[in-house]
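Examining the three-dimensional arrangement
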Amino acid sequence: MIKIKPMTCKTAELPLDSYKDEEFYAELKYDVIRAIYDNGILYNREGRDISHRFPEVLDAFMGCEAIVDGEIVAVTGKFEDIQQRLTDNKLDIEIRSKKYPAKFVIIYCFKNYHTIPLSIEKVKAFPTIQEGWNYVIKNDCEGLILKKSNWTINGYQQGVRSDSWLKKKYIKEVELEFDSYEKNPKGLTLIDKNGVRVACLGEQSTEVKRRLDTEGKITATIRYLEKTANNKYRQPSFKELSG
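Below or above, wherever it landed, is the structure these notes cover. (Residues numbered from 1 in each chain as written. Predicted model: local features only at pLDDT ≥ 70, side-chain atom pairs only at ≥ 80, totals over all residues. Heavy atoms only, no water.)

Things to note about the overall build of the protein chain
When you go through the protein chain residue by residue, the secondary structure sums to five helices and 17 strands. Its C-alpha atoms give the protein chain principal-axis dimensions of about 65 × 50 × 35 Å. Here the protein chain holds 243 residues, and the buried ones make up 44% of them. A separation threshold of at least 6 residues defines the contact pool for the protein chain, and within that pool the share at least 24 residues apart is 66%. If you sum the accessible surface of the protein chain, you get close to 13700 Å²; carbon and sulfur atoms cover 49% of it. Mean positive and mean negative side-chain charge positions of the protein chain (40 and 37 charges, respectively) differ by 2 Å. (Helix = DSSP H or I, 4+ residues; strand = E, 2+ residues; numbered from the N terminus. Buried < 20%, exposed > 50% of the residue type's maximum accessible area, 1.4 Å probe, protein only. Contact = heavy atoms within 4.5 Å. Areas by Shrake-Rupley, 256 points an atom, 1.4 Å probe, with all protein chains shown as cover. Lys, Arg positive; Asp, Glu negative; His and termini not counted. Charge placed at Lys NZ, Arg CZ, Asp CG, Glu CD.)

Following this line, the structure appears as structure tokens:
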């Protein structure tokens, strides 16, 4: 079998309103497991066979002769639930496939589209970019993928991080109070009373350290991707001092 290397996207660096509906269309971004389904086999973006981890996904594809690129998503939509499926232990797979069921969402079909069961979901698309962003905010989703309307002219670019597909993440902000830190080679790691750890790097760490040393605590604005069920911040980053 010749394995397909997924086409990936670059970051949308400009403000959202810089991207026009005449040039791009929007699809929902999932932060899960990228995978290729090829005639009864699932493999990840590195080409590793992960079929055994997701028996319910294979069952959903039963009889399908298609080759498709997509995402394996927790039925709940929760990132922490799909993380529970990253095991090769047979007993854990049996238990977790029932406790944390997954599904496949199709991004692109290479061949035999007509054999795909109707129960397999297709990626959610939106009439306009703004409608997509409103949906992301309302449902606290990962973000959007903005695809150039004419991206298929160049075809599916295997293994390429293409500027025909751009990811726009929904980054949230929160103010947190920090009362301690640890030094690291690039700056500081700030720590709050709940054990939240956030890197503060470069020149801004000098002023942050001075304030902590003299005042004992600081309030800072932190950017993050998602707050999990156990109140942890995913991908937290320091933005600025507050006040």
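Having seen it, we continue.
A word on the sheet that holds strand S13 (residues 197-201)
Strand order in the open sheet formed by five strands is S13-S12-S11-S14-S17, and the pairing between neighbours is antiparallel. Both edges of this open sheet fall to S13 and strand S17 (237-241), since each of them pairs with a single strand only. Geometrically, the sheet is characterised by an average inter-axis angle of 50 degrees between neighbouring strands, direction not taken into account. By the bridge criterion, seven bridges tie strand S11 (residues 172-184) to strand S14 (residues 218-224) in an arrangement that is antiparallel. Considered in S14, the bridge of Phe178 is made with Ile218. Helix-sheet contacts for helix H5 (residues 204-215) involve S11, strand S12 (187-192), S13, S14 and S17, and the interaxial angle to S11 is about 80 degrees. (Pairing = 2+ DSSP bridges. Axes fitted to C-alpha atoms, helices over the stretch in contact; angles between N-to-C directions.)

Some thoughts on unusual backbone geometry
Trans is the common state for peptide bonds, and a negative phi is the common state for residues other than glycine. Although it is not a glycine, Asn112 adopts a positive phi angle of roughly 55 degrees. Relative to the elements of secondary structure, Asn112 occurs in the loop between strand S6 (102-111) and strand S7 (121-122).

With respect to the packing of aromatic side chains
Scanning all chains against the criterion turns up 12 aromatic pairs. Summarising the aromatic geometry, the rings of Tyr19 and Phe24 are spaced 5.4 Å apart at their centres and angled 90 degrees between planes, so their arrangement reads as edge-to-face. Relative accessible area serves as the criterion here: at 9%, Tyr19 is assigned to the buried category. Among the aromatic side chains, those forming a connected cluster through ring pairs are Tyr108, Phe110, Trp151, Tyr156 and Trp165. One residue, Lys124, lies across the ring of Tyr135, its end atom 5.0 Å from the ring centre. When the ring centre of Phe79 is taken as origin, the NZ or CZ atom of Arg234, which lies over that ring, is 3.6 Å away. (Phe/Tyr/Trp six-rings, centres within 6.5 Å; stacked < 30°, edge-to-face > 60°. Lys NZ or Arg CZ within 6 Å of the ring centre and 35° of its normal.)

Some remarks on the sheet that holds strand S2 (residues 24-29)
Here we have five strands laid out as an open sheet, ordered S1-S10-S9-S2-S8, and mixed in their pairing. On the outer flanks of this sheet lie strand S1 (8-11) and strand S8 (125-126), each paired with one strand and no other. As paired strands, strand S9 (residues 143-148) and strand S10 (residues 161-169) are joined by five bridges and run antiparallel to one another. Bridging from a neighbouring strand, Leu146 pairs with Leu166 of S10. Where helix H4 (residues 129-139) meets the sheet, it contacts S2, S8, S9 and S10, and its direction lies at approximately 160 degrees from that of S9.

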